[in-house]
Amino acid sequence: MLNDININTKIAKLRQLIEKHDNAYHVLDAPLIPDGDYDKLYQELLALEQRYPEYITPDSPTQRVAPKPISAFLTHTHTQPMLSLSNAFSEAEISQFDKRIRQLLTLSETENLSYACEPKFDGLAVSLHYEKGILVKGATRGDGWVGEDITHNLKTISSIPLKLQAKSPQDIPENLEIRGEVYMPIQGFEALNQHCLKNNEKLFANPRNAAAGSLRQLDPRITAKRPLAFYAYGCTSHFGLNTHMDLLAKLNTFGIRLCALSQEVINTQGILAYYQDLLTKRPSLPYQIDGMVVKINHFDFQKKLGFVAKAPRFAIAYKFPAEEAETQLESVDFQVGRTGVLTPVARLKPVYVGGVTVSNATLHNIDEIHRKDIYVHDWVIVRRAGDVIPEVVGPSLNRPRPKNAQKIVFPTLCPVCGSDIKQAKNEVAMRCMSGLYCKAQLIEAIKHYVSRKAMNIDGLGEKWVIQLIESGLIKHIHDLYDLTQDNLLKLDRMAEKSAQNLVDAIENSKKTTLGKFIYALGIREIGEVAAFTLSKHFKNLDNLMLATEAELVAIPDIGPVAASHLIRFFQDKPNQNMIEKIIQAGVFWESIQELPQSLYLPLLGKTYVITGTLSQSREEIKEKLAALGAKIASAVSAKTTAVIAGDAPGSKIQKAEKLGVAILGQAELDKLLM
Ligand code: 5U1
């Protein structure tokens, strides 16, 4: 039988051993034992802590993932501002940077000047606070002065130590604030998107967005599943050391992970050589970088140089050129979306842009094509900008328009079903008007119906949906409920187990909510929030199906356009028949519980306009605001609640100022979304 002292000693020894192996694996990149042996140690500690919970401490390796979501992010005021960096884009700008520094430090051009160079990660800057060696807080950069407390999420990242290492306890500083970047390795990002694809979830545009989305989770259990990693690039104390490179080495002794590519170089030549070397390494790096960071290595020089506005004078980001390439536009196809909208897609002569070969790019819509003056056979510039869908920026200015260039003509008939194409009044979009009789729209409608936020039918990815429709097994949405293991086995590459899993998933999805069901129907202008609002208002489907236009527009958040789509949808006999068949198949929902609307839609009735670059993508912000009940408009008017303005905002700011509409920055947006 173990006594108290023995248990404590055993637990402490196990923790020490696990921390040592964590450090070897995550920080030194040199594991000392096989994964299986590590798991055994971890399980042993877990079992002991479960048996003796009184010995659990927050720094235990088992305590990385908090068991419950938090209700909101708290703000965190940085002890020293988290600065951004000025940018350089050319050798000339780097020479100017060096020249300016030499002038300010009164150094001649022949004196050697030491710089610390490191990659500029495409991730998110965070600060980590250690008290007596224990990680007590972690925060985002926010606006540089105030960030968000995301401790619960940062603790789930294995390369962030919960406890600092040192030879002896006296070596551990009382307080230590480390700064660095959280990023998502490319492999992890691709695996995450594969998972999203399989589950019909929205894909992340790039590793940075995926990292940002993962860190802004209220539920740390979700963050823990995301492949995030951390590198430190600095710290707010200098330990009496002379240089940045020495400081990095010191941080490493505490078990803090550093980037192995950090390096001291001498003079501009050293910086330029490092840049060229990094450019050649870039395609094979396991993470995305968008340039390099150059810092004066000596702290006394850094101190003398000081700061301008939000950026230090002693450092600069030397950015890689935008990921653009020139190629020829071979043809334009028109893809038909769920609601019949035709999107022009550029088919390009394959071209290598930023690590991938691109042969398709979006042309957005007819207005964009005209605005950019793009013709088939034109030489065009394609931009990847880290996004998964590349875009055609415009015709290349380096070359004359080819003689065989042809104007892009929008089809008058649907390229899939041959029905008429129409452009509604005040709409840019052209649509195929034949609804679910068009195969393309049926595929998209079923993909939407089975998606996670709708009926959540697991395992029914795009390739199966296409096969089900191509094989004639599905002609209408309700045919999903007639699928059996036997007829699923007729599909190419469908195995018995997968067929059964699919049948089970369809069966399990039958219990849903009224809001999800309304959303799943894919009615135009009825997103997740509007569907939820309708379900709360009407409480049952019959009431909604019988609602008049006047009743619908009286509901906050349902405008006349959405109301007319609802009326048209529910008056349509085939739609009525489909709903009846779905309900006969056993789809059901429980009665609606009453909740005050202000509780679940705190921004109801508010309208925002977004401009400029913010830390999250525009789509992400729109989705989050909409989920809180807000409307997002594209133009500023007197009815706008506020304009949310990021970096490089457009003319919307002037319009807002003229109309006296409030202007919110990143920090205020973050508070709004809290
Ligand atoms: N690698 C690296 N990224 N980064 C970002 N170093 C680095 N240093 C920074 C920032 C904002 O700031 C210090 C120069 C203060």
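Source: prediction; values computed, not measured.

*Asks:* What am I meant to see in the site of the ligand here?
*Replies:* Every residue near the ligand is listed here: Leu-83, Leu-85, Glu-118, Pro-119, Tyr-233, Val-293, Lys-295, Phe-314 and Ala-315. Measuring from a nitrogen atom of the ligand, one finds a side-chain N or O atom of Glu-118 at 2.8 Å. In the environment of the ligand, a nitrogen atom lies 2.9 Å from a nitrogen or oxygen atom belonging to the side chain of Lys-295. For the ligand, whose accessible area on its own is 380 Å², the fraction buried by protein is 85%.

*Asks:* What is the right way to look at the pattern of salt bridges in this model?
*Replies:* A side chain of one charge can pair with a side chain of the opposite charge if their charged atoms are brought near each other. All told, the structure shown has 29 salt bridges when counted by the stated rule. Residue Asp-98 is joined to Arg-102 by a salt bridge in which the shortest nitrogen-to-oxygen separation is 2.8 Å. One end of the pair is Asp-98 and the other is Arg-102, both in helix α3 (residues 91–104) and four residues apart, which spans about a single turn. For Arg-102, a relative accessible area of 5% puts it in the buried group. A salt bridge links Glu-391 to Lys-372; its shortest N-O distance comes to 3.9 Å. Here the residue Glu-391 occupies a position in strand β19 (residues 391–395), and Lys-372 occupies one in helix α11 (residues 366–372), the gap between them amounting to 19 residues.

*Asks:* Would you explain α3 in this entry?
*Replies:* Each α-helix turn comprises 3.6 residues. Residues three or four places apart therefore point the same way. Given a rise of 1.5 Å per residue, 14 residues ought to cover 20 Å, and the 20 Å separating the end C-alpha atoms of α3 matches this to within 8%. Turning to α3, its buried residues number three or more, namely Ile-94, Phe-97, Asp-98, Ile-101 and Arg-102. Angularly, the buried residues of α3 cover 130 degrees about the axis, an arc narrow enough to put them on a single face. Buried-residue contacts for α3 involve β2 (87–88), β3 (114–121), α9 (267–281), β10 (289–296), α10 (299–305) and β13 (315–319). Following α3 by one or two positions, Thr-106 adopts a phi angle in the positive range, close to 45 degrees.

*Asks:* Is there a simple way to think about the packing of aromatic side chains in this case?
*Replies:* Here a ring pair, both rings aromatic, is described through the centre-centre distance and the interplanar angle of the planes. Scanning the entire structure with this criterion turns up 16 aromatic pairs. Relative to Tyr-42, the ring of Tyr-38 has its centre 6.5 Å away and its plane inclined at 25 degrees; by these criteria the two rings are stacked. Remark: Tyr-42 and Tyr-38 occur in helix α2 (residues 35–51); sequence separation between them is four residues, near one turn of the helix. Among the residues examined, Tyr-42 registers a relative accessible area of 22% and is labelled partly exposed. A network of ring pairs unites the aromatic residues Phe-121, Tyr-183, Tyr-231 and Tyr-287 as a single cluster. For the cation-ring pair, Lys-250 lies above Phe-239, with the distance from its terminal atom to the ring centre recorded as 5.5 Å. Residue placement shows Arg-399 over the ring face of Trp-379; its charged tip is 3.7 Å from the ring centre.

Calculation rules
- Residues numbered from 1 in each chain as written.
- Predicted model: local features only at pLDDT ≥ 70, side-chain atom pairs only at ≥ 80, totals over all residues.
- Heavy atoms only, no water.
- Near = heavy atom within 4 Å.
- Polar contact = N/O pair within 3.5 Å; in protein donor to acceptor, adjacent residues only side chain to side chain.
- Areas by Shrake-Rupley, 256 points an atom, 1.4 Å probe, with all protein chains shown as cover.
- Salt bridge = Lys/Arg side-chain N within 4 Å of Asp/Glu carboxyl O.
- Helix = DSSP H or I, 4+ residues; strand = E, 2+ residues; numbered from the N terminus.
- Buried < 20%, exposed > 50% of the residue type's maximum accessible area, 1.4 Å probe, protein only.
- Expected span 1.5 Å × (residues − 1).
- Arc of directions from axis to C-beta.
- Contact = heavy atoms within 4.5 Å.
- Phe/Tyr/Trp six-rings, centres within 6.5 Å; stacked < 30°, edge-to-face > 60°.
- Lys NZ or Arg CZ within 6 Å of the ring centre and 35° of its normal.

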